[in-house]
Amino acid sequence: MNREELKALNDEQLREILLAEFESPGANVELIQTITDILRERHPENERDAHEAYREFEEGYAGTELLFEDEGRQRPRLQRKHKRWKRAVVAVAAVLIALLGTTVVASAAGIDIWGIIRDWTQETFGFETRVSDDAIERVEPNPIDAVNQLLIENGMPTLSSIAIPEGYECVSTYVAESRRGKLITAEFSDGMSSIVLSVQEYSGEGASMYFPKDEGEPKIITVAGVDYYVTTNEDWSHYVWIIENIVVEIGLTDDSLDLYEFVR
Amino acid sequence: MKRAIALILSLAVCVTILCPAASAAQESNAFILSYSGGTYADGGGVVTVDFSLVGKGTLKNIGASSIYLYENGSLVLYASYLSSYYSYIMGHNRANYAESVSYNGTAGRTYYAIITFYGGDGTSYDTETYQTASVVAT
């Protein structure tokens, strides 16, 4: 696609091409430059004056003092070094200006260049998907969000590793406060079965918490370093675990759901 | 005659002592998922009994049906709270509940409480009895 064809496209189309090029491992630098030039022409308000930028760079970073005493005499070899140094500074400044200009133009077009470069870096070094996948999981709506919102409002840590199984929705939430801290309870239902999730904060003062259960020792399941105590209480299954000064419990009537349906 | 009275009184004492024990030995609960309680010395001789519980879903009645405070091992009659007289220790149409009661005790004396947790749907109910740790009033 030549420059004239590119100029016929609107900003949004150019932005899409630019984005695709940035995401491509074999980015076409010439094409990126052409598009940024076109965008720069269309949006001169985002343009930075190169001379001004260079002057700022020279004043702010390179300094204006001589690197050696002149002593009133010219030193050809040193002067040549000085010129060489100055040429290097100009080259660095040009690169900085180009990057700055591209960033400004791309930002005006709604593109986070540094974010994309960061992603490239992650892919290159093999950190590619884990962080972003977690982020995607976190933003997926889940009925647990209602509880997390309440926890945030009450200054308590959220349950980032817990999800409520599909089909259930939050039907009620309750906040109570005791001397030991806040107690937040939510009830979920799929129309037939119930899930009760409760988070009890402990302020550090001594107090005991008890969980009625059927006969037998609790089963302990360790997931990601957290011990989950699994019991039954008549027709309810019950999971309890502690994170720092928070006791979390889940009670449920549907015995076909196991702990792994809740821990993500 | 005296022997018969002594026997009846002994039986009454045994029943009084063993009933809460039998209740405490009950393991599962039809309405309560968890419960918690504590006694705290707040200074100036004030002692506070605090409790909370979580039900199996929203319950018509959830809270404490009674709280008995003991001072140096003896029941303090005027520090006994029954939900029928102190309605605030019982919550309604909730899945959890927490509350506390305070008593102006005497600094230096030891206090503990026996709390009966209650959960019910209006037609049936279940309870749990719990004795808090002792605390010395300051």
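A few points on the structure.

## A closer look at the overall build of chain B
Move 1: The helix and strand inventory of chain B stands at 1 helix and 7 strands.
Move 2: Listing every helix and strand of chain B by position from the N terminus yields α-β-β-β-β-β-β-β.
Move 3: Among the 138 residues that make up chain B, the fraction classed as buried is 49%.
Move 4: Sequence separation of 24 or more characterises 64% of the internal contacts of chain B that already satisfy a separation of 6 or more.
Move 5: Of the roughly 6,700 Å² that chain B leaves accessible, carbon and sulfur atoms contribute 59%.

## What to know about the nonpolar core
Move 1: Core analysis: the biggest nonpolar cluster contains 29 residues, and A:L159, A:I195, A:L197 and A:I250 have the highest contact counts within it.
Move 2: With near-sequence residues (within four places) excluded, A:I250 lies in contact with A:I162, A:I195, A:V196, A:L197, A:S237, A:H238, A:Y239, A:W241 and A:F262.

## Focus on the pattern of salt bridges
Move 1: Applying the stated criterion across every chain, the model contains 7 salt bridges over all chains.
Move 2: Among the ionic pairs, A:D37 bridges to A:R40, the shortest N-O distance being 2.8 Å. With A:D37 and A:R40 both in helix α3 (residues 29-42) and 3 residues apart, the pair spans about one turn of that helix.
Move 3: Across the pair B:D42 and A:R179 runs a salt bridge whose closest N-O atoms are separated by 3.0 Å. You can see B:D42 sitting in strand β1 (residues 32-43) and its partner A:R179 sitting in the loop between β1 (169-178) and β2 (181-189), one on each of two chains.

## Side note on the interface of chain A and chain B
Where interface size is quoted, it is often the accessible area lost as the parts come together.
Move 1: Taken residue by residue, the interface counts 34 residues in chain A and 30 residues in chain B.
Move 2: At the boundary of chain A with chain B, total buried surface from both sides reaches about 2,500 Å², with 51% on carbon and sulfur atoms.
Move 3: Inspection of the chain A/chain B interface yields 2 salt bridges.
Move 4: Where chain A meets chain B, there are 23 residue pairs in polar contact (both at pLDDT 80 or more).

## Thoughts on the pairing of strand β2 (residues 46-71) of chain B
Residue and element names in this part refer to chain B.
Move 1: Taken across its 26 residues, β2 has 22 buried, putting it largely inside the fold.
Move 2: Examined bridge by bridge, β1 and β2 share 10 bridges and lie antiparallel to one another. The partner of S36 across the bridge, within β2, is S52.
Move 3: Count of turn residues in the β1/β2 antiparallel hairpin: 2 residues, of which G44 carries a positive phi of about 65°.
Move 4: Across 10 bridges, β2 lies against strand β5 (residues 110-120) in antiparallel orientation. Among the inter-strand pairings, A64 is bridged to a residue of β5, identified as F117.
Move 5: With 5 bridges connecting them, β2 and strand β3 (residues 74-82) associate as antiparallel partners. By the bridge assignment for β3, Y70 is matched with L75.

## Digging into the environment of A:L183
Move 1: Relative to the assigned elements, A:L183 resides in strand β2.
Move 2: Distance in space between the C-alpha atoms of A:L183 and A:S198 is 7.1 Å, their sequence separation being 15 residues.
Move 3: Contacts of A:L183, omitting those with residues within four sequence positions, involve A:Y174, A:V175, A:A176, A:S198, A:V199, A:Q200, B:S52, B:L53, B:V54, B:N96 and B:Y97.

Each value, and the rule that gives it
Each chain carries its own residue numbering, running from 1 in the direction its sequence is written. Chain labels run from A onward and ligand labels from 1 onward, assigned in the order the entries are written. Local features in this predicted model are restricted to residues whose pLDDT is 70 or higher, and side-chain atom pairs enter the listing and the counts only when it is 80 or higher, whereas totals over whole chains, interfaces and linings include all residues. Based on all heavy atoms of the structure, the side-chain values leave hydrogens and waters out of the count. Under the DSSP-based scheme used, a helix requires at least four consecutive residues in state H or I and a strand at least two consecutive residues in state E, with every element numbered from the N terminus. To sort residues, take the accessible area from a 1.4 Å probe on protein chains only and compare it with the maximum for the residue type: under 20% means buried, over 50% means exposed, and anything in between is partly exposed. The contact criterion used throughout is that any non-hydrogen atoms of two residues lie within 4.5 Å. To measure how exposed things are, a 1.4 Å probe is used in the Shrake-Rupley method; for residues, cover is taken only from the protein chains shown. Nonpolar cores are built from buried Ala, Val, Leu, Ile, Met, Phe, Trp, Tyr and Cys residues. Side-chain atoms within 4.5 Å join them into one set. Note on definitions: salt bridges are taken to be side-chain nitrogens of Lys or Arg within 4 Å of carboxyl oxygens of Asp or Glu. Buried area, as used here, totals the accessible surface that two parts lose on assembly, with accessibility defined by a 1.4 Å probe and the loss added over both. N or O atoms within 3.5 Å of each other form a polar contact, as long as, within protein, one can give a hydrogen and the other can take it, and as long as residues adjacent in sequence are counted only when both atoms are side-chain atoms. DSSP bridges decide pairing: two strands pair if at least two such bridges lie between them.

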